[in-house]
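Structure assessment
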Amino acid sequence: MRYDTVIIGGGLSALMCGIEVARAGKKVALVATGHSSLHFSSCSFGLYNAKRALEAIAALGAEHPYSKIGEDNFEQLTSRATEILNIAGIATVGSAEQPHYIITPMGKWRECWLSMEGMLTSKDGVGVDFKSAAIVYPEGFLDFYTQFVVDHLQDMGVEVTTHAFALPELTVRRNNPTEMRSVSVARALDKEENIRALATIISRQVGSAEVVIMPAVLGFDAPDVRTRLERMVEREILTVPTLPPSVEGVKAERALKRAFESMGGTIFMAHTANSYAMEDGRVVSITTNKGVTLTAEDFVLASGSFIGGGLKGDGKRIDEALFGLDTVTPESGYTTRNIFEAQPFMSCGVVVDNTFKAVKNGVAIENLYACGAVLAGYNPVKEGCGAGVAMLSALKVADDIINR
Ligand SMILES: Cc1cc2nc3c(=O)[nH]c(=O)nc-3n(C[C@H](O)[C@H](O)[C@H](O)COP(=O)(O)OP(=O)(O)OC[C@H]3O[C@@H](n4cnc5c(N)ncnc54)[C@H](O)[C@@H]3O)c2cc1C
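Residues numbered from 1 in each chain as written. Predicted model: local features only at pLDDT ≥ 70, side-chain atom pairs only at ≥ 80, totals over all residues.

**Quick word on unusual backbone geometry**
Put simply, the rule reads: For the purposes of this entry, the term helix denotes a DSSP run of H or I that reaches at least four residues, the term strand denotes a run of E that reaches at least two, and both are numbered from the N terminus. Our exposure labels follow a C-beta count within 10 Å of each residue's own C-beta, placed from the backbone: buried means 20 or more other C-beta atoms, exposed means 12 or fewer, and partly exposed covers the counts in between.
For the bond running from Pro 244 to Pro 245, omega is 0°, close enough to zero to count as cis. Inspection of the secondary structure assignment puts Pro 245 in the loop between β12 (236-240) and α10 (247-262). Even without being glycine, Asp 224 reaches a positive phi, approximately 60°. The phi dihedral of Asp 280 falls on the positive side, at around 50°, and the residue is not glycine. With 6 C-beta atoms counted inside 10 Å, the residue Asp 280 sits in the exposed group.

The structure is reproduced here in structure tokens:
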């Protein structure tokens, strides 16, 4: 099968790149082993841990993906990433110029670039726009730590009450702890009779609280569950990320896949690219574990890091799993003794040139790009820039492919 562009991966970077190249009129195929890190992500996207990301970027080393993207491109790529999320139906709040703060599942305010609409956010991490809140959560739900949220809001001077709710369908699920996870709770709350029952409970219990805060378990398949519930209880409902799996992350991945397919893209889901062919220094095809061979002009490696399966490590060295590309491996060990310090293995990954072309044996492969978490040169956890690097490097690669 022949395509203009073949992308290996099914996460944020593969989908961003795929949507952009497909909407420029190219025939694009995407090959994905399985679900992506979005399933774990709070879906509050980080650009960089700094008050003004753009200023911080000027000081980053040459190997940082943001340095390769370049300050001149940064602004338009951040707004294009937001535009693509919105085209996919993912409504976000926030901007690259003015970071805001969200509460993480571990109850810490974290600076971020874009959040899903309806999340509990703070403009400055010091205060919120309401004086009283009721936290409403499913009884027996283990992936949401109510007390963390209570503590942080009380520190901000908010009067907080907490309310566990039970619904017959959820009570049955509690018999099996693995069933009481965010996605199954969200599926139960998709049902009209359950939303109505929840609305009645909220209206009876929360008194005069200005806002209702819930774990992010509203609306899996059914649209607008949060806003419908808001109308029923006549007050704002804000959500806080849960521990994985993330309902918002799963929804975002599904929405991006739909957008990619609606632009003519093809997804080979549950296919693992496990071999490739090269001629004259160019990749000509990849073949999947199901025997499908895809040829193309350009290939994009967006296979993620260790979680995605793009990188493999044995404690001594780090390898790129498919093409055997050059990688950065930490010289003085994978980890440091202090768990709270930046861990060296997090900055490892594939070496690319200044246009994100992947390097093998010291030479950049002319038609093989790499983007997202498979890249070396940045620390997504310490720098809080995982989603930013995934989206912006993907769009930079897409531009290069489109404009060649
Ligand atoms: C647990 C966790 C939580 C995070 N939370 C946040 C957050 O809250 N905010 C934030 O800004 N960032 C967060 N990040 C970082 C950010 O989500 C990621 O950096 C970003 O989503 C990476 O996207 P990616 O597409 O590059 O890789 P991935 O999402 O890892 O996707 C890689 C894809 O490639 C596929 N693949 C791999 N090898 C092959 C192959 N050979 N053939 C076919 N397919 C293959 C995988 O199946 C997967 O679909 C988090 C990351 C993790 C791991």
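Structure's up, so let's keep going.
**A closer look at the environment of Arg 235**
The cut-off we apply is this: Contact criterion: two residues are in contact if their C-beta atoms, reconstructed from the backbone, are within 7 Å.
Checked against the element boundaries, Arg 235 lands in the loop between α9 (225-233) and β12. When the C-alpha positions of Arg 235 and Glu 83 are compared, they lie 29 Å apart, and in sequence the two are 152 residues distant. Once residues within four sequence positions are removed from consideration, Arg 235 is found in contact with Glu 210, Val 211, Val 212 and Glu 230.

**Thoughts on the pairing of strand β11 (residues 211-215)**
Operational definition: Should DSSP find at least two bridges between two strands, the strands are regarded as paired. Look down the strands so they point away from you; if the path from the first strand over the helix to the second goes clockwise, the crossover is right-handed.
Of all five residues making up β11, five are buried, and the element is well covered by its neighbours. Residues of β11 alternate between two faces, with Val 211, Ile 213 and Pro 215 on one and Val 212 and Met 214 on the opposite face, all of them buried. In the sheet, strand β9 (residues 132-138) pairs with β11 via three bridges, with the strands oriented parallel. Residue pairing for β11: Ala 133 is matched across the bridge by Val 211. Where β11 lies against β12, five bridges are found, and the strand directions are parallel. Pairing of Pro 215 across the sheet is with Val 240, part of β12. Remark: the β11/α9/β12 crossover connection has right-handed handedness.

**Section: the environment of Tyr 378**
Tracing the backbone through its elements, the reader meets Tyr 378 in the loop between β22 (363-370) and α11 (380-383). Each C-alpha atom, one on Tyr 378 and one on Ser 347, is 4.9 Å from the other, the two residues being 31 residues apart in sequence. With near-sequence residues (within four places) excluded, Tyr 378 lies in contact with His 64, Pro 65, Ser 347, Glu 383, Cys 385 and Val 389.

No statement about biological role is implied by the geometric values presented.
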